[in-house]
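Observations on the three-dimensional arrangement
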Amino acid sequence: MNSHESRALHMLGEGLSALGITPSDERMHQFSTYLRELKKWNRAFNLTGIRDDKDIIVKHFLDSLLYLSPMPNGFIRVADVGSGAGFPGIPIKIIRPEIDMHLIEPSGKKASFLRYIVQRMQMQGIGVIEKRIEDTSVSGDFGEAVDIALTRALFDIRAFVEKAAHIVRPGGLFILNKGPKVREELNESEGLRCELLRYPLPLTDIVRFIVIVKAKDAVQG
C-alpha cells in the first residue's frame, strides 16, 4: 500500500467512526481491496467518474453508508437498484454482512465488475442481476420479495417507487439518497408519504437527505 492509499484509508477510518461504525481490521481490509480493484477496473472501463482516493472514500463509500440509519437490524433482503460499481450495496454489505443483497445493474461491464468484486472479496449472500429493474420479477430473480429497495440518484422519488414497486413486499421500504434539490422532488411526489432524514456527509460540509417511502401495494412478480 502506498502512502496515498494509506492516508485515504486513515480518512475512511475517521469517516466510519463519525458514523458510529467501528473501523475493524476486517472492514478496513475489505474497503482497501474494493478501493484498489475499483481504481484498476476504472482505468479500463470507466465505471465511475470519481477517481481520486479521497473522493471515492467520501462520495462513494461513506455516502453509501448513510443508508444504514433507517434500515432495521437483523436479517433483511435488500435490492440495490442501478448499483453501478456497487453503490450503495457493497459498502452496506461490508458493514452488515447478514443482509441478503441483490445488486441490479443492466450495464454489462459494470455487472462484470460487480461479479468480479463479489468473488474477489469472497462475499456471501450477495448476487448480481444484470437487468433493468423493469425487466426483473420476484419469482425469477429474487425468490421472494425484498424488504428494502435502494437507489442512489438514479431515479426521482416517484419514478423509483413506481419502477421498483413489484419487487418490494407490502410494508417494505424504498430508500433514496438525495442532495439539496430534494424538496423540489418531494413537491412533485404528491400522494406519496415520504419521511425525510437529514445527515451531514462525514469529512465534508455536504448535507445529504435520506428519503424513505413505505410500500403499500401488494407485490406482483
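Cut-offs and rules
Residues numbered from 1 in each chain as written. Predicted model: local features only at pLDDT ≥ 70, side-chain atom pairs only at ≥ 80, totals over all residues. Heavy atoms only, no water. Helix = DSSP H or I, 4+ residues; strand = E, 2+ residues; numbered from the N terminus. Buried < 20%, exposed > 50% of the residue type's maximum accessible area, 1.4 Å probe, protein only. Contact = heavy atoms within 4.5 Å. Expected span 1.5 Å × (residues − 1). Core = buried A, V, L, I, M, F, W, Y, C linked by side-chain atoms within 4.5 Å. Axes fitted to C-alpha atoms, helices over the stretch in contact; angles between N-to-C directions. Parallel < 35°, antiparallel > 145°, perpendicular 65-115°, else oblique. Left-handed = near helix turned anticlockwise from the far one by under 90°. Pairing = 2+ DSSP bridges. Lys, Arg positive; Asp, Glu negative; His and termini not counted. Salt bridge = Lys/Arg side-chain N within 4 Å of Asp/Glu carboxyl O. Polar contact = N/O pair within 3.5 Å; in protein donor to acceptor, adjacent residues only side chain to side chain.

1. Observations regarding the overall build of the chain
On a plain count of helices and strands, the chain comes out with eight helices and seven strands. The principal-axis extent of the C-alpha atoms belonging to the chain is close to 50 × 35 × 30 Å. Going through the 221 residues of the chain one by one, you find that 52% of them count as buried. When contacts within the chain are restricted to residue pairs at least 6 apart in sequence, those whose partners lie at least 24 apart make up 67%.

2. Description of helix α2 (residues 25-45)
The end-to-end C-alpha distance of α2, which contains 21 residues, comes to 30 Å, matching closely the 30 Å that a straight helix rising 1.5 Å per residue would cover. Among all positions of α2, only M28, Q30, F31, S32, T33, Y34, L35, E37, L38, K39, W41 and N42 are buried. Just downstream of α2 lies N46, where phi reads positive at about 50°.

3. Some remarks on the nonpolar core
Membership of the largest hydrophobic core comes to 48 residues, with the highest contact counts inside it found for L12, Y34, F61, M71, I90 and F113. Sequence-distant contacts of F113, that is, excluding residues within four places in its chain, are made with Y34, E37, L38, W41, L47 and A85. Grouped together as the second largest cluster of nonpolar side chains are 24 residues, A79, I129, V161 and F174 included.

4. Examining the packing of helix α1 (residues 3-18) against α2
Interaxial distance between α1 and α2 falls to 11 Å at its minimum, and their mutual angle equals 130°. Regarding the angle of α1 to α2, the classification is oblique. The crossing of α1 and α2 is right-handed. Residues E5, L9, L12, G13 and L16 of α1 form the contact with α2, whose own contacting residues are M28, F31, S32, R36 and K39.

5. Describing the sheet that holds strand β2 (residues 100-104)
Each strand in a sheet pairs with another by means of backbone hydrogen bonds, the pair being arranged parallel or else antiparallel. Here we have seven strands laid out as an open sheet, ordered β3-β2-β1-β4-β5-β7-β6, and mixed in their pairing. Each having just a single partner strand, β3 (126-129) and β6 (194-200) make up the two edges of the open sheet. The sheet shows a mean angle of 20° between the axes of neighbouring strands, taken without regard to direction. Two elements, β2 and β3, share four bridges in a ladder whose sense is parallel. Following the sheet pairing, I104 is matched in β3 by I129. Helix α5 (residues 108-120) contacts β2 and β3 of the sheet and is inclined by roughly 165° relative to β3. Where helix α7 (residues 157-164) meets the sheet, its contacts fall on β1 (77-81), β4 (146-151), β5 (168-178), β6 and β7 (207-214), and the angle it forms with β5 comes to roughly 145°.

6. Here we look at the pairing of β4
The buried count for β4 comes to six of six residues, which makes it a mostly enclosed element. The pairing of β1 with β4 spans four bridges and is classified as parallel. Among the inter-strand pairings, V78 is bridged to a residue of β4, identified as I148. Pairing analysis gives five bridges linking β4 to β5, with the strands arranged parallel. Across the sheet, residue A149 finds its bridge partner in β5, namely F174.

7. Section: the side chain of S189
By the element assignment, S189 lies in the loop between α8 (182-187) and β6. Contacts of S189, omitting those with residues within four sequence positions, involve I157 and R158.

8. Here's the deal with unusual backbone geometry
Following F87, the chain continues into P88 via a peptide bond in cis, with omega recorded as 10°. The phi angle at N46 is positive, at roughly 50°, despite the residue not being glycine. By the element assignment, N46 lies in the loop between α2 and α3 (53-65). A residue is classified by how much of its surface remains accessible, and N46, at 45% relative accessible area, is partly exposed. At L203, a position not held by glycine, the phi torsion is positive, near 70°. Within the secondary structure layout, L203 lies in the loop between β6 and β7.

9. Some details on the side chain of K93
Mapped onto the fold, K93 is located in helix α4 (residues 89-95). No salt bridge forms around the buried K93; measuring N to O, its nearest opposite-charge neighbour D100 is 6.0 Å away. Within the local environment of K93, its side chain forms a polar contact with the backbone oxygen of Q124, the two atoms lying 2.8 Å apart. The contact partners of K93, leaving out residues within four places of it in the chain, are I99, M101, M123, Q124, G125 and I126.

This is a description of form; function is not addressed.
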